[in-house]
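Below are the chains, spelled out letter by letter.
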Amino acid sequence: MSIFVSHTSIDCHDAYALSEWWRQVLDYTTDPEDPNLPGHEECAIFDAESGHTLLFLEVPDQQLPAKRIHLDVRPRERPQEEEIRWLLEQGAVTVADHRGQYGPGTGWLTLADPEGNQFCVLTSPSERAAFLAANG
């Protein structure tokens, strides 16, 4: 059992402008069904060949946090709750709980590794697919 990196998240003040800058620099693309637009607080770009995704997240703080880049991970096989329990057993610690933020079956848990580096545990691909199927 393991987790995989879903995407790399970058905290910023203007998600659209920064995502557009990096999209051009890296020659990444956007999802035509979920385009990035000015004013969006979350903007994703990805590499069409590898699938690597960068997610730009607006933060309201005037001063951006010192740790502005973090990994978002998804469980490969286990449900989110089981993966979280396993990660806590391995020495991760809970930083913030955002599960259920957009309703049941949504959200993430922010954890920190033994040196304090934060990462977010998302729902598994099967949990995400079930949520999307139920909520269109």
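Here the structure is a predicted model, which is why all the values come from computation and not from measurement.

Turning next to the sheet that holds strand β3 (residues 53-58). Two strands in a sheet stick together by hydrogen bonds in their backbones, pointing the same way (parallel) or opposite ways (antiparallel). Spatially, 7 strands are ordered β2-β3-β1-β4-β7-β6-β5 in an open sheet, and the strand pairing comes out mixed. Looking along the sheet, the strands with just one partner apiece sit at the ends: β2 (42-46) and β5 (93-97). Strand-to-strand, the axes of this sheet are offset by a mean angle of 30°, without reference to chain direction.

Even without being glycine, D27 reaches a positive phi, approximately 60°. Judged by relative accessible area, D27 falls into the exposed class, the value being 64%.

Once that is clear, we can look at a nonpolar patch on the surface. Side chains of W21, W22, V25 and L26 sit close together on the surface and give an oily, nonpolar patch of about 380 Å² of accessible area. Within the fold, W21 resides in helix α1 (residues 15-26). Take W21: its relative accessible area is 48%, and that puts it in the partly exposed class.

Turning our attention to the packing of aromatic side chains. For the coordinates displayed, the defined rule picks out 1 aromatic pair. Note on W21 and W22: the rings are 4.8 Å apart at their centroids and 85° apart in plane angle, and the pair reads as edge-to-face.

Thresholds applied
Just so you know, the residues in each chain are numbered from 1, in the order the chain's sequence is written. Under the rules for a predicted model, residues below a pLDDT of 70 receive no local features and side-chain atom pairs below 80 are neither given nor counted, while totals for whole chains, interfaces and linings still include all residues. Hydrogens and waters are ignored; side-chain quantities use all the structure's heavy atoms. Between any two strands, at least two bridges found by DSSP are needed for them to pair. The numbering of helices and of strands both runs from the N terminus, where a helix is a DSSP run of H or I of at least 4 residues and a strand a run of E of at least 2. Note on geometry: axes are C-alpha line fits, over the in-contact stretch for helices, and angles between N-to-C directions span 0 to 180 degrees. Throughout, exposure labels follow a simple rule: accessible area from a 1.4 Å probe, protein chains only, divided by the maximum for the residue type, with under 20% read as buried, over 50% as exposed, and the rest as partly exposed. The patch calculation keeps residues exceeding 30% relative accessible area without a salt bridge and links them within 9 Å when they carry like charges or within 5 Å when they are nonpolar (Val, Leu, Ile, Met, Phe, Trp, Tyr). Accessible areas in this description were obtained via Shrake-Rupley with a 1.4 Å probe; residue shielding takes into account the shown protein chains only. By convention in these notes, a salt bridge is any Lys or Arg side-chain nitrogen within 4 Å of a carboxyl oxygen on Asp or Glu. Note on aromatic pairs: the rings of Phe, Tyr and Trp (six-membered ring only in Trp) are paired at centre separations within 6.5 Å, and the planes decide the class, stacked below 30 degrees, edge-to-face beyond 60, tilted for the rest.

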